[in-house]
Amino acid sequence: MTICSSDEIIDEFELLTRDAGRVQQDTLRKILQLNADAEYLNRFNLERRTDSKSFKSCIPLCVHSDIESYIQRIADGDNSQVLTGKPITSLSVSSGTTQGKPKFLPFNDELLESTIQIFRTSYAFRNREYPIGNGKALQFVYGSKQVFTQGGILATTATTNLYRSWRFKEAMKDIMSQCCSPDEVIFGPDFHQSLYCHLLCGLIYSDEVQFVFSPFAHSLVHAFHTLEEVWEDLCADIRAGVLSKRVTTPSIRQAVSKILRPNPELASTIYNKCQNLSNWYGVIPALWPNAKYIYGIMTGSMEPYLKKLRHYAGHLPLMSADYGASEGWVGSNVNPTLPPEEVTYAVLPNIAYFEFIPLEKPKGEEMENSSSIHYIESEPVGLTEVEVGKIYEVVITNFAGLYRYRLGDIVKIAGFHNSTPELQFICRRSLVLSINIDKNTEKDLQLAVEEAEKLLSEEKLEVVDFTSLVDRSRDPGHYVIFWELNSDNASEEVLSSCANSMDLAFVDAGYVGSRKIKTIGALELRVLRKGTFGQVMNHYLSLGGAVSQFKTPRFVTQSNSKVLQILNRNVTQSYLSTAYGI
């Protein structure tokens with residue numbers, strides 16, 4: 001791959017986005033030409049036509065359940081042209097943390113190339129603002145178990161599909177973001193050993209680290225929380241040049257031992273810096289003095305971790321990574337100086353064909369702050385037809401066999417970069433909490449928790465993590481919010497007030513009305529033992545997931561029995577809201 005300068009990459013991006021409408025039509029034509037004989041397209045009588053009008057009139061909008069049987073056939077070994085012209089040889093596995101059941105999604109070389117383009121583009125804009133030299137990146141990335149389906153198709157997380165690819169590795173070298181850790185650490189069989197070695201390798205190369213990265217903010221917070229617990233052991237390893245006995249995997253021990261040498265001076269420097277920190281504030285710039293920023297996905301379900309991540313980051317900027325999903329990529333962060341709460345993503349018009357379903361609030365609810373509005377939908381519009389300030393649901397047609405696929409994401413059009421829109425992620429559209437006419441989303445839940453957290457701050461307490469449940473075991477059903485706190489010192493008075501605060505923070509009209517007439521019962525706050533969400537993550541990892549893709553489920557269904565068992569056996573206290581009377 002030819003090494004390109006940041007300026008060349010930016011010039012290429014500028015050229016693509018000046019005539020995004022034409023590029024979109026070319027992209028759709030390429031997708032439909034490559035997959036002209038796909039059974040799915042022929043089912044709807046597209047008859048090899050490649051224009052957008054025919055495509056939209058023939059092919060319906062779809063969700064995963066509409067194509068699940070096609071993907072299952074591929075997983076079972078059907079190598080005919082089911083969804084694509086070329087056979088699908090690997091599958092990406094979505095997290096599946098909410099329902100307890102992961103989804104299969106097709107993955108191919110074209111998706112890999114679009115990933116590389118997205119990463120190169122955002123890197124170029126980052127590098128213009130925060131130039132980095134020939135250093136390294138402290139990357140908390142982890143492979144997952146690779147399984148083969150009944151039909152012999154490789155199924156693993158999207159992250160693993162990337163990091164296993166020689167093509168991806170070459171592209172990452174090109175943009176100078178080599179990981180401090182050897183591959184044996186990334187693909188180690190035990191996450192805890194890999195995390196320990198990521199920290200160790202990062203400290204060994206502490207002066208060379210240019211930025212800190214993990215796919216999700218949650219992984220970053222978890223990594224530095226672990227550092228608080230193991231820093232003395234890490235110093236001992238560096239001082240003696242001998243790897244801790246906690247690392248037992250032979251491949252990891254051998255790879256890390258090659259770069260670990262006795263360095264008492266470095267060990268003493270790290271030890272003194274850690275001892276002098278105030279509650280670990282600013283630990284990242286203290287230990288990695290040449291790091292320029294911290295990078296990872298920080299929007300949506302990752303927002304609750306920003307406060308703690310900023311604590312660890314000190315003065316270093318947090319930079320939200322690009323916008324995509326297991327289904328494919330959408331846009332790059334080309335405005336890297338914006339804080340995560342304001343970040344926008346410029347759509348790359350050549351990586352997929354995009355449509356946007358206009359969403360409008362019903363008359364009389366225009367000023368409603370809740371994100372749980374039952375939106376009125378209009379016909380989808382094209383990439384260049386969206387309007388600034390309006391909100392839409394994203395629809396994607398990609399090179400890997402997804403056609404007019406509803407991502408379920410609500411975005412706001414913040415502006416345009418040339419003729420391509422810049423999107424601001426608002427929330428997932430899917431409902432989280434609903435008993436009858438109430439409709440509350442993940443964002444509504446997050447806002448309710450943040451409102452109650454204000455009561456905790458006076459006692460220097462914080463919510464480590466949270467999730468929710470609809471409990472219908474008694475009538476009327478009610479919302480249950482699970483909290484893990486950083487301390488056991490919260491008073492009953494404060495926690496009772498927190499339950500009331502969350503109950504009142506759900507402002508959806510259906511919820512408020514139902515609470516008033518007692519068709520929804522009092523919200524219940526259940527406080528968990530410290531470490532509970534670590535158990536939830538370990539359960540997910542035991543199913544073959546990767547920690548770098550892990551997202552705490554914000555809503556647990558009754559079908560996800562294992563996670564419910566973990567939560568319920570760790571409840572230490574329970575508080576029912578009295579906000580609407582007893």
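Quick note: structure is the one above.
Let us look at the structure shown here. (Residues numbered from 1 in each chain as written. Predicted model: local features only at pLDDT ≥ 70, side-chain atom pairs only at ≥ 80, totals over all residues. Heavy atoms only, no water.)

**Looking at the pattern of salt bridges**
Where charged atoms of side chains with opposite charge meet at close range, the side chains can pair.
Moving on, step 1. For the structure on display, the rule yields 20 salt bridges.
Moving on, step 2. We note a salt bridge from Lys390 to Glu387, for which the minimum N-O separation is 3.4 Å.
Moving on, step 3. On the accessibility criterion, Lys390 (40% relative accessible area) is partly exposed.
Moving on, step 4. The partner of Lys454 in a salt bridge is Glu451, with the nearest N and O atoms 3.1 Å apart. One end of the pair, Lys454, and the other, Glu451, are both in helix α16 (residues 442-457), 3 residues apart, so they sit about a helical turn from each other.
Moving on, step 5. Residues joined in a network through salt bridges with shared partners are Asp19, Arg22, Asp26 and Arg29. (Salt bridge = Lys/Arg side-chain N within 4 Å of Asp/Glu carboxyl O. Buried < 20%, exposed > 50% of the residue type's maximum accessible area, 1.4 Å probe, protein only. Helix = DSSP H or I, 4+ residues; strand = E, 2+ residues; numbered from the N terminus.)

**With respect to the sheet that holds strand β23 (residues 571-576)**
Moving on, step 1. Pairing in this open sheet of 4 strands is mixed, and the strands run β20-β21-β22-β23 from one edge to the other. Strands at the two margins of the open sheet, each flanked by one partner only, are β20 (463-471) and β23. Ignoring which end each strand starts from, the neighbouring axes of this sheet average 20° apart.
Moving on, step 2. Pairing of β20 with strand β21 (residues 478-485) involves 8 bridges; the strand directions are antiparallel. Note that in β21 the partner of Val470 across the bridge is Tyr479.
Moving on, step 3. The sheet contacts of α16 involve β20 and β21, and relative to β20 the element is tilted by about 130°.
Moving on, step 4. Taken strand by strand, helix α20 (residues 561-569) contacts β20, β21, β22 (524-528) and β23, and its axis lies near 85° from that of β23. (Pairing = 2+ DSSP bridges. Axes fitted to C-alpha atoms, helices over the stretch in contact; angles between N-to-C directions. Contact = heavy atoms within 4.5 Å.)

**What about the sheet that holds strand β6 (residues 209-216)?**
Moving on, step 1. Strand order in this open sheet of 4 strands is β3-β6-β7-β8, and the pairing throughout is parallel. Edge positions in the sheet fall to β3 (136-139) and β8 (318-320), since each has one partner strand and no second. Strand-to-strand twist of the sheet, defined as the mean angle between neighbouring strand axes without regard to direction, takes the value 25°.
Moving on, step 2. Taken together, the 4 bridges between β6 and strand β7 (residues 293-297) define a ladder with parallel strand orientation.

**Observations concerning the packing of helix α11 (residues 217-240) against helix α13 (residues 264-276)**
Moving on, step 1. Put simply, α11 and α13 touch, their axes get as near as 7 Å, and they point 165° apart. Comparing the axis directions of α11 and α13 gives the class roughly antiparallel. The hand of the α11/α13 crossing is left-handed. Contacts from Trp231, Glu232, Cys235, Ile238 and Arg239 in α11 reach Pro264, Leu266, Ala267, Ser268, Ile270, Tyr271, Cys274 and Gln275 in α13.
Moving on, step 2. Taken together, the residues of the contact of α11 with α13 break down into 9 nonpolar, 2 polar and 2 charged. (Parallel < 35°, antiparallel > 145°, perpendicular 65-115°, else oblique. Left-handed = near helix turned anticlockwise from the far one by under 90°. Nonpolar A, V, L, I, M, F, W, Y, C, P; charged D, E, K, R; others polar.)

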